[in-house]
Amino acid sequence: MRGRFITFEGGEGTGKSTQAALLAERLRELGIAVELTREPGGSTGAEVIRHVLLSGAAKPLGAEAEAMLFAAAREDHLECTIRPALERGQWVISDRFADSTRVYQGVLGAVDPRIIGALERLVVGPTRPDITFILDVPVKSGLARAGARRGKRAADRFELETPEFHQKLREAYLHLAASEPDRCVLIDARAEPAIVAEQVWSVVTQRLDPAMAPLIIEDVAP
Ligand code: Z5A
């Protein structure tokens, strides 16, 4: 039986990595094998492209070229990591996926929706998430969280964008959540991580019934 595919989306500092890790931990406690991954990245080739994108080296090429690079990274991620894991019956949790391209390059970068749609059909095809959690916090709180976590490390290409950019990003994610309610679940992520994790868990148990998932015994190193 194919595993389940769950993605986390949202703006800066909304807690995607934290919630993806907490959900993976909870599923593993039930004996479910989980592949916890992220975008851009999640496979050897995609991690190389991640470096190019987040360094800002591709920014002068424009949003359309960046969308193609994110799609190339996603192709490798799907082929090398996501599809093999789903075929093994594992659950895949990805910190960002194709909705990030729709929102960052499509809405914010004003790339023609036909190009974004064509890339998604070509690369993602039928491998669509069963649930996408869209985490939402006010822009100020998200940027403050991300800044505190970054500490003295230099901001990446997207962290350098203006507060107006991040406000538009938040609105684009709210719009996406409203336009695809069967797949997307909007989560108010202002509360403590454990409280947000409970909201996420309640949706996962209602929609995907992890108690009924076939157990896969993970290889244990000798
Ligand atoms: N991008 C794109 O443009 N197109 C695409 O197709 C894709 C991506 C796939 C990837 O950056 C960038 O690439 C991203 C979009 C673009 N833009 N940016 N920036 P990344 O992978 O380096 O980072 P990110 O995805 O943006 O993650 P993030 O926003 O920096 O963080 P987060 O995952 O949402 O949050 P976190 O790491 O879980 O938490 C941040 C801090 O807040 C940390 O100290 C936590 O301990 C704390 N935290 C977490 N939850 C809470 C709660 N509930 N309360 C208080 N504090 C909390």
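These figures come from a predicted structure and were not determined experimentally. (Residues numbered from 1 in each chain as written. Predicted model: local features only at pLDDT ≥ 70, side-chain atom pairs only at ≥ 80, totals over all residues. Heavy atoms only, no water.)

Draft legend 1. Region of the structure containing the side chain of threonine 132. Note on placement: threonine 132 falls in strand β4 (residues 131-136). Taking relative accessible area as the criterion, threonine 132 reaches 0% and is therefore assigned buried. In terms of polar contacts, threonine 132 uses its side chain to reach the side chain of arginine 183, at 2.7 Å. Setting aside residues up to four positions removed in sequence, threonine 132 forms contacts with Thr7, Glu9, Asp99, Arg183, Cys184 and Val185. (Helix = DSSP H or I, 4+ residues; strand = E, 2+ residues; numbered from the N terminus. Buried < 20%, exposed > 50% of the residue type's maximum accessible area, 1.4 Å probe, protein only. Polar contact = N/O pair within 3.5 Å; in protein donor to acceptor, adjacent residues only side chain to side chain. Contact = heavy atoms within 4.5 Å.)

Draft legend 2. How the structure looks around the environment of alanine 155. Counting through the fold element by element, alanine 155 comes out in the loop between α6 (139-150) and α7 (163-179). For alanine 155, a relative accessible area of 28% gives the class partly exposed. Placed 132 residues apart in sequence, alanine 155 and leucine 23 show a C-alpha to C-alpha distance of 27 Å. In contact with alanine 155, other than residues within four places in its own chain, are Arg150 and Leu160.

Draft legend 3. Local environment of the site of the ligand. Neighbouring the ligand are 28 residues, the closest being Lys16, Ser17, Thr18, Arg96 and Thr101. Between the ligand and serine 17 there is a distance of 2.7 Å, counted from an oxygen atom to a side-chain nitrogen or oxygen. Within the side chain of threonine 101, one N or O atom sits 2.5 Å away from an oxygen atom of the ligand. Its free accessible area being 1,100 Å², the ligand has 85% of it covered by the protein chains. Judged by the fraction of its atoms near the pocket grid, the ligand is located in the largest pocket. (Near = heavy atom within 4 Å. Areas by Shrake-Rupley, 256 points an atom, 1.4 Å probe, with all protein chains shown as cover. 1 Å grid on protein atoms, 1.4 Å probe; cavity = no way out; pocket = protein on both sides within 12 Å on 5 of 7 lines; lining within 4 Å. Sits in = over half its atoms within 2 Å of the grid points.)

Draft legend 4. Structural view of the pattern of salt bridges. Throughout the structure, instances matching the rule amount to 15 salt bridges. Across the pair glutamate 180 and arginine 102 runs a salt bridge whose closest N-O atoms are separated by 2.8 Å. One end of the pair, glutamate 180, is in the loop between α7 and β5 (184-188); the other, arginine 102, is in helix α4 (residues 98-108), and 78 residues separate them in sequence. Taking the relative accessible area as the measure of exposure, arginine 102 reaches 21% and is therefore partly exposed. (Salt bridge = Lys/Arg side-chain N within 4 Å of Asp/Glu carboxyl O.)

Draft legend 5. How the structure looks around the packing of helix α2 (residues 44-55) against helix α3 (residues 63-87). Contact geometry of α2 with α3 gives a least axis separation of 7 Å together with a crossing angle of 160°. Taken together, the axes of α2 and α3 are roughly antiparallel relative to one another. For the pair α2 and α3, the crossing hand works out as left-handed. For the pair α2 and α3, the contacting residues are Thr44, Gly45, Ala46, Ile49 and Leu53 in the first and Glu66, Leu69, Phe70, Ala72, Ala73, Asp76 and His77 in the second. Among the residues forming the contact of α2 with α3, the class breakdown is seven nonpolar, three polar and two charged. (Axes fitted to C-alpha atoms, helices over the stretch in contact; angles between N-to-C directions. Parallel < 35°, antiparallel > 145°, perpendicular 65-115°, else oblique. Left-handed = near helix turned anticlockwise from the far one by under 90°. Nonpolar A, V, L, I, M, F, W, Y, C, P; charged D, E, K, R; others polar.)

Draft legend 6. Inspection of the sheet that holds strand β1 (residues 5-10) at higher detail. Read from one edge of the open sheet, five strands run β2-β3-β1-β4-β5, paired in parallel fashion. Lying at the two open borders of the sheet, with one neighbouring strand each, are β2 (34-38) and β5. Within the sheet, the average angular offset between the axes of one strand and its neighbour, ignoring direction, is 20°. Bridge analysis of β1 against strand β3 (residues 91-95) gives four bridges, and the strand direction is parallel. (Pairing = 2+ DSSP bridges.)

Draft legend 7. Just the nonpolar core, in detail. Judged by nonpolar contacts, the single largest core of 24 residues is most densely connected at Phe8, Leu23 and Phe133. Of all the elements in the fold, those that place two or more residues in this core are β1, α1 (16-29), β3, β4, β5 and α8 (193-208). At six residues, the largest contribution of residues to this core is made by α8. Not counting chain neighbours up to four residues away, the residues in contact with phenylalanine 8 comprise Lys16, Gln19, Ala20, Leu23, Ile93, Ser94, Asp95, Arg96, Phe133, Leu135 and Val200. Counting residues in each nonpolar core, the second largest holds 18 residues, with Ala58, Phe158, Ala172 and Tyr173 among its members. (Core = buried A, V, L, I, M, F, W, Y, C linked by side-chain atoms within 4.5 Å.)

Draft legend 8. Quick peek at unusual backbone geometry. Residue proline 40 follows glutamate 39 across a cis peptide bond; omega there is -10°. Its place among the elements puts proline 40 in the loop between β2 and α2. Located in the positive-phi region is arginine 96, a residue other than glycine, with phi close to 80°. Counting through the fold element by element, arginine 96 comes out in the loop between β3 and α4. At alanine 110, a residue that is not glycine, the phi angle is positive and equals roughly 55°. For alanine 110, a relative accessible area of 64% translates into the label exposed.

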